[in-house]
Amino acid sequence: MSRISRKELKTDQVALQLEHGLSFFEGHQKEISRYGGVLAVVAVLVAGYIYYSNSQHNKREQALASAIRVQEAAVGASGNGGLSFPTQEAKDAEATRVFTDLRNKYSGSGEAEIAGYYLGAVKADEGKLAEAEKIFQEVADKGSDNYASLAKYSLAQIYFSDGRNQQGEKMLRDLIAHPTVFVSKEQATIALARFLAPKNPAEARKLLEPLRNSPDAVSSVALTMLGELQGK
């Protein structure tokens, strides 16, 4: 699964763009380390951070922006002279360092929550799902509702990846019942329907049918998935 640029996402296009991240559920059993779904969700976090940022937090914002530049850096020679790393391992090591430092230095702040989420995403992308789960759980338990919802969304993916299906389903149903700015009811519904489709297509259709007439992207995704379920 390819990584997804966080620049592709905008806050008002969550349902459409996160459909890319929902493809995590397909094929991840064989290539669990390629955890692209988490990074897709991080994209929304960045958009949300920009939306909610406060000019009074300049130092923390600058530190977070610097850390994000590390995560966005190229691997190999950079054609435009920007920040780059010789290997993915070197990039991940530096990203881990800067996000950990930021999280510790500004503990309790929104920027620390974001740093924690990024740190979990880095660990997940490395295939270190036990570490990622621990970090996401901390954000889910201690973070504000918006960031906690993102962490829960990623935890659900981890649960599904190692067979804890009941926990994953319970997590997504809770997100459906308690949507946030960053994880909408529609997004969580589509994620759950995608997981249920192979084993319980009737339940997946039941979840998707109400989304037929949703605005723009949500309707498109729902109709596509319903088409795939025909005959099942």
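Along each chain, the written sequence defines residue order, and numbers are assigned to residues from 1. Local features in this predicted model are restricted to residues whose pLDDT is 70 or higher, and side-chain atom pairs enter the listing and the counts only when it is 80 or higher, whereas totals over whole chains, interfaces and linings include all residues. For the side-chain quantities, the full set of heavy atoms in the structure was used; hydrogens and water were omitted.

> Let's hear about the overall build of the protein chain: which residues, and what values?
Along the protein chain, the regular secondary structure elements total eleven helices and two strands. The order of α-helices and β-strands along the protein chain, N terminus first, is α-α-α-β-β-α-α-α-α-α-α-α-α. Looking at the protein chain residue by residue over its 232 residues, the buried ones come to 51%. Contacts are assigned to residue pairs that have any heavy atoms within 4.5 Å of one another. Pairs at least 24 residues apart make up 56% of the contacts formed inside the protein chain by residues separated by at least 6 positions. By the criteria applied, helices consist of DSSP H or I runs no shorter than four residues and strands consist of E runs no shorter than two, each listed in order from the N terminus. Burial classification: accessible surface area is computed with a 1.4 Å probe over protein chains only, and a residue below 20% of its type maximum counts as buried, one above 50% as exposed, and the rest as partly exposed.

> Break down helix 11 (residues 216-229) for me, citing the residues and quoting the values.
With 14 residues, helix 11 ought to run about 20 Å at 1.5 Å a step, and its terminal C-alpha atoms sit 21 Å apart, in line with that. Every buried residue of helix 11 is listed here: Ala217, Val218, Ser219, Val221, Ala222, Met225, Leu226 and Leu229. The span expected for a helix works out to 1.5 Å for each residue beyond the first.

> So what's going on with the packing of helix 10 (residues 201-208) against helix 11? Residues and values would help.
Fitting a line to C-alpha atoms yields each axis, with helices limited to the stretch in contact; the angle taken between N-to-C directions then spans 0 to 180 degrees. Closest axis-to-axis distance for the helix 10/helix 11 pair is 10 Å, and the angle between their directions is 155°. When the axis of helix 10 is compared with that of helix 11, the two are roughly antiparallel. At the point where helix 10 passes helix 11, the crossing takes the left-handed sense. Of the residues in helix 11, those touching helix 10 at Pro201, Ala204, Arg205 and Leu208 are Ala222, Met225, Leu226 and Leu229. In this count, Pro and Cys sit with the nonpolar residues alongside Ala, Val, Leu, Ile, Met, Phe, Trp and Tyr, while Asp, Glu, Lys and Arg are called charged and the others, Gly among them, polar. Across the contact of helix 10 with helix 11, the residue classes tally to seven nonpolar, no polar and one charged. Any angle between 65 and 115 degrees counts as roughly perpendicular, while under 35 counts as roughly parallel, over 145 as roughly antiparallel, and the rest as oblique. Each crossing gets its hand from how the near helix is turned against the far one by less than a right angle, where anticlockwise is left-handed and clockwise is right-handed.

> Describe the environment of Ala132, naming the residues involved and giving the relevant values.
With respect to the helices, strands and loops of the structure, Ala132 is situated in helix 6 (residues 129-142). Residue Ala132 is classed as buried on the basis of its relative accessible area of 0%. Along the sequence, Ala132 and Gly116 sit 16 residues apart, while their C-alpha atoms lie 9.8 Å from each other. With sequence-adjacent residues up to four places away left out, Ala132 is seen in contact with Gly120, Lys123, Ala124 and Ile158.

The analysis is restricted to geometry; functional conclusions fall outside its scope.
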